[in-house]
Amino acid sequence: MTVELAITGGRIVDQGQSRDADLLISDGVIIGVTEPGSTPSDAGNVIDAAGQLVIPGMIDTHVHTREPGWTHKEDITTCSQAAAAGGVTTIFGMPNLRPPTATVETLREVLDLYDAKSVVDYNHNPAASNPDQIAGMAELGIAAYKIYMVVDTGREYPHPAGTGMHDHGHLLEMFETIAPTGLPFMVHPHDQGIMDLIEQRYWAAGDRSPEAYAKTLAAYDGLIWDTAIGVLLRIAEATGCPLHIVHAQTSRSIEMIRQAKNRGQQVSAEANHWTLFLGSWDDVTTLGPYALSYWVPDHHKEATWEALIDGTIDMANSDHAPHTREEKDVGWTDMWAAHTGTPGIQYQLPLLVDSVGTGRMSIERMVEVTSNAPARIFGLGQKGCFAPGTDADVVLVDPDLEWTITDDDVLSKIGWTPYAGRTLRGKVLRTLIRGEDVYRDGTVVGAPGFGKQARPMTRPESDAR
Ligand code: DOR
Ligand code: ZN
């Protein structure tokens, strides 16, 4: 078979193994991995990857693109450009849009937008709030459903009507409805009743600071998360519906996930960059609203890292959640009025590569959590590894290059990152999707509209061990 493109001389990391080898590509798919130097001399194009890591592109299944409806924050093109620069080759968008993606019709519209505007491959997780929309959504090739157990108090975003559900009866009905599709149900765990009680105590004391907000979410050492995850695991077990837990980040809930997996339950979980890299109390006091989302005390952060490494947490996702400086700055005096969430799609993979350099995790585990596992769990048999016949979604990384993150380099529309000023070792040099360059030497070269929908090919398998 003709080799159209060969990536030679690099260190290939995939499916638990690393080796010096050449990667051969034709027609946008992998055709083989061969001994270094054995690339046929008539190969069309050759990329010299000496000294570089050659890894499958990151599959980020938790991304807030903000389009349609919130495009002053971000849009599909800017979000997917930031993805390409960060070594992310497939994104799954989230439904907290305007209109919220809660019907077959709105799902079709948003998929058309990605088709016209995305630089990287994509899918979209619609909100599972209407039982009669569930089967029709699956027919459009989605890979998962999403719901938030959050009801925002006093602000219209980021949890708009149509995307939230916290009544346990409604949740049970939704798990029952999704189960026959075989697709995972992604749930943002949260206990609104407990949140309401705790936050009102801070408000009564006149405290609406970022610190009060952080402590509310972390009350009683993670009660808001632990109670919700206990309920979700039990309902998922009862209904046989695959459950995907976003924001796994407390020690007790991680232990519950571990036990559920040991019982053979179909449950997967993700950790997000802000727990792994932005979780200290110092970050809360110095970055305030810019560091929140959520805060958990350090021992939970350690438990999250351990679980990411031992396999209890299956994957790392960015939960890229861009908001403008204005929307953040109100939080210095009233954190409950600020839009919470932290951008990260451009930096999560480099931050993880840096963690490999410091010995925190192995490069093989990093590839598992950023690419192999999300492809397997969400049924993307055509992606997430270098097996012959899979899409040639490839990222070249210089593991030794030191560089400093700055706001100036942010491709996301908001123009800021909570990581500005951090020096990392390890940089994404080049990103290819289906054998084509989308990012190279500091520039996004992929065109809006290049991205294609990544539909699940296989039903999700149990990741239980
Ligand atoms: O803080 C958050 N921000 N939590 C979410 O669940 C959504 C996210 C967003 O979209 O900004
Ligand atoms: Zn999110």
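Quick note: structure is the one above.
Just so you know, these numbers come straight off a predicted model, no measurement behind them.

Chemist: Help me get a handle on the overall build of the protein chain, residues and values and all.
Modeler: Helices and strands together make up the secondary structure of the protein chain, namely 14 helices and 17 strands. Its C-alpha atoms give the protein chain a radius of gyration of 21 Å, near enough to 23 Å, the size a compact globule of 465 residues would have. Counting over 465 residues, the protein chain shows a buried share of 61%. Residue pairs at least 24 apart in sequence account for 75% of intrachain contacts in the protein chain once pairs closer than 6 positions are excluded. For the protein chain, the accessible surface area stands at approximately 15,800 Å², while carbon and sulfur atoms represent 50% of it. Taking the average place of the 35 positive charges on the side chains of the protein chain and the average place of its 62 negative ones, the gap between the two points comes to 2 Å.

Chemist: Please give an account of the coordination of the zinc ion (ligand 2) that cites residues and values.
Modeler: Every protein donor of the zinc ion (ligand 2) is accounted for by H62 (NE2), H64 (NE2) and D319 (OD), and the metal-donor separations fall at 2.0 to 2.2 Å. If you list the donors of the zinc ion (ligand 2) from N- to C-terminus, the spacing comes out as H-x1-H-x254-D. With H64 in the loop between strand 6 (58–63) and helix 1 (76–85) and D319 in the loop between strand 13 (315–317) and helix 12 (325–329), this pair connects stretches of sequence that are 255 residues apart. Given a relative accessible area of 6%, H64 falls into the buried group.

Chemist: Before we move on, can you summarise the sheet that holds strand 12 (residues 267–272) with the specific residues and values?
Modeler: Strands in a sheet are paired, the pairing made by backbone hydrogen bonds, and the direction either parallel or antiparallel. Spatially, the 5 strands line up as an open sheet ordered 9-10-11-12-13, and their pairing is parallel. Of all strands in the sheet, those bounded by a partner on one side alone are strand 9 (145–148) and strand 13. Strand after strand, the sheet turns through a mean of 30° between neighbouring axes, direction not considered. In terms of strand pairing, strand 11 (residues 243–245) meets strand 12 through 3 bridges, oriented parallel. Paired with H244 across the two strands is S268, which belongs to strand 12. In this fold helix 7 (residues 219–239) packs onto strand 10 (185–188), strand 11 and strand 12, with an angle of close to 165° to the strand it touches most, strand 11.

Chemist: Describe the layout of surface pockets, and please don't skip the residues or the numbers.
Modeler: The space that makes up the largest pocket amounts to roughly 220 Å³. The set of elements that each furnish at least two residues to the lining of the largest pocket consists of strand 2 (17–26), strand 4 (45–48), strand 15 (423–433) and strand 16 (436–440). If one sorts the elements of the lining of the largest pocket by residue count, strand 4 sits on top with 3 residues. Classifying every residue of the lining of the largest pocket gives 5 nonpolar, 4 polar and 6 charged.

Chemist: Describe the packing of aromatic side chains, and please don't skip the residues or the numbers.
Modeler: For the coordinates displayed, the defined rule picks out 12 aromatic pairs. With a centroid separation of 5.1 Å and an interplanar angle of 90°, the aromatic rings of W225 and Y294 are classed as edge-to-face. With a gap of 69 residues between them, W225 in helix 7 and Y294 in the loop between helix 10 (281–287) and helix 11 (298–310) connect regions that are remote in the sequence. Accessibility assignment for this pair places W225 and Y294 in one class, buried. Here the basic side chain of R208 rests over the ring of W203, its NZ or CZ set 4.4 Å away from the ring centre. When the ring centre of W403 is taken as reference, the NZ or CZ atom of K427 above it lies at 4.6 Å.

Chemist: Lay out the sheet that holds strand 7 (residues 88–93) in plain terms, naming residues and giving numbers.
Modeler: Taken in spatial order, the 3 strands make up an open sheet running 6-7-8, and their pairing is parallel. Looking at strand neighbours, the two that pair on one side only are strand 6 and strand 8 (121–124), the edges of this open sheet. Each strand of the sheet is rotated relative to its neighbour by a mean of 20°, with strand direction disregarded. For strand 7 and strand 8, the ladder comprises 4 bridges, and the chain directions are parallel. Bridging from a neighbouring strand, I91 pairs with Y122 of strand 8.

Chemist: Residues and numbers for the packing of helix 7 against helix 8 (residues 251–262), please.
Modeler: The interhelical angle for the contact between helix 7 and helix 8, taken along N-to-C directions, is 20°, at an axis separation of 8 Å. Relative to helix 8, helix 7 is oriented roughly parallel. Between helix 7 and helix 8 lies a crossing of right-handed hand. Mapping the contact onto sequence places D221, D226, I229, G230 and L233 in helix 7 and R252, S253, M256, I257 and A260 in helix 8. Its residues placed into classes, the contact of helix 7 with helix 8 shows 5 nonpolar, 2 polar and 3 charged.

Chemist: For the site of ligand 1, give the residues involved together with the corresponding values.
Modeler: In the vicinity of ligand 1, 13 residues are found, and the nearest of them are R66, N96, Y294, H323 and T340. One of the side-chain nitrogen or oxygen atoms of N96 is found 2.8 Å away from an oxygen atom of ligand 1. Here an oxygen atom of ligand 1 and a side-chain polar atom of H188 are 3.0 Å apart. In isolation ligand 1 exposes 290 Å². Once the protein is present, 100% of that is buried. Counted by class, the shell around ligand 1 contains 4 nonpolar, 8 polar and 1 charged residues.

Chemist: So what's going on with the nonpolar core? Which residues, and what values?
Modeler: Judged by nonpolar contacts, the single largest core of 106 residues is most densely connected at I55, I91, Y145, F175, F185, L243 and M366. Ranked by residues supplied to this core, first place goes to helix 7 with 9 residues. Formed by 16 residues, the second largest nonpolar core is a distinct cluster that contains M94, M186, M315 and L380.

Calculation notes
- Residues numbered from 1 in each chain as written.
- Chains lettered and ligands numbered in written order.
- Predicted model: local features only at pLDDT ≥ 70, side-chain atom pairs only at ≥ 80, totals over all residues.
- Heavy atoms only, no water.
- Helix = DSSP H or I, 4+ residues; strand = E, 2+ residues; numbered from the N terminus.
- Rg over C-alpha atoms; globule rule 2.2 N^0.38 Å.
- Buried < 20%, exposed > 50% of the residue type's maximum accessible area, 1.4 Å probe, protein only.
- Contact = heavy atoms within 4.5 Å.
- Areas by Shrake-Rupley, 256 points an atom, 1.4 Å probe, with all protein chains shown as cover.
- Lys, Arg positive; Asp, Glu negative; His and termini not counted.
- Charge placed at Lys NZ, Arg CZ, Asp CG, Glu CD.
- Donors = N, O, S within 2.8 Å, 3.2 Å for Na, K, Ca; no water.
- Pairing = 2+ DSSP bridges.
- Axes fitted to C-alpha atoms, helices over the stretch in contact; angles between N-to-C directions.
- 1 Å grid on protein atoms, 1.4 Å probe; cavity = no way out; pocket = protein on both sides within 12 Å on 5 of 7 lines; lining within 4 Å.
- Points joined across faces, edges and corners; volume = space filled by probe spheres on them.
- Nonpolar A, V, L, I, M, F, W, Y, C, P; charged D, E, K, R; others polar.
- Phe/Tyr/Trp six-rings, centres within 6.5 Å; stacked < 30°, edge-to-face > 60°.
- Lys NZ or Arg CZ within 6 Å of the ring centre and 35° of its normal.
- Parallel < 35°, antiparallel > 145°, perpendicular 65-115°, else oblique.
- Left-handed = near helix turned anticlockwise from the far one by under 90°.
- Near = heavy atom within 4 Å.
- Polar contact = N/O pair within 3.5 Å; in protein donor to acceptor, adjacent residues only side chain to side chain.
- Core = buried A, V, L, I, M, F, W, Y, C linked by side-chain atoms within 4.5 Å.

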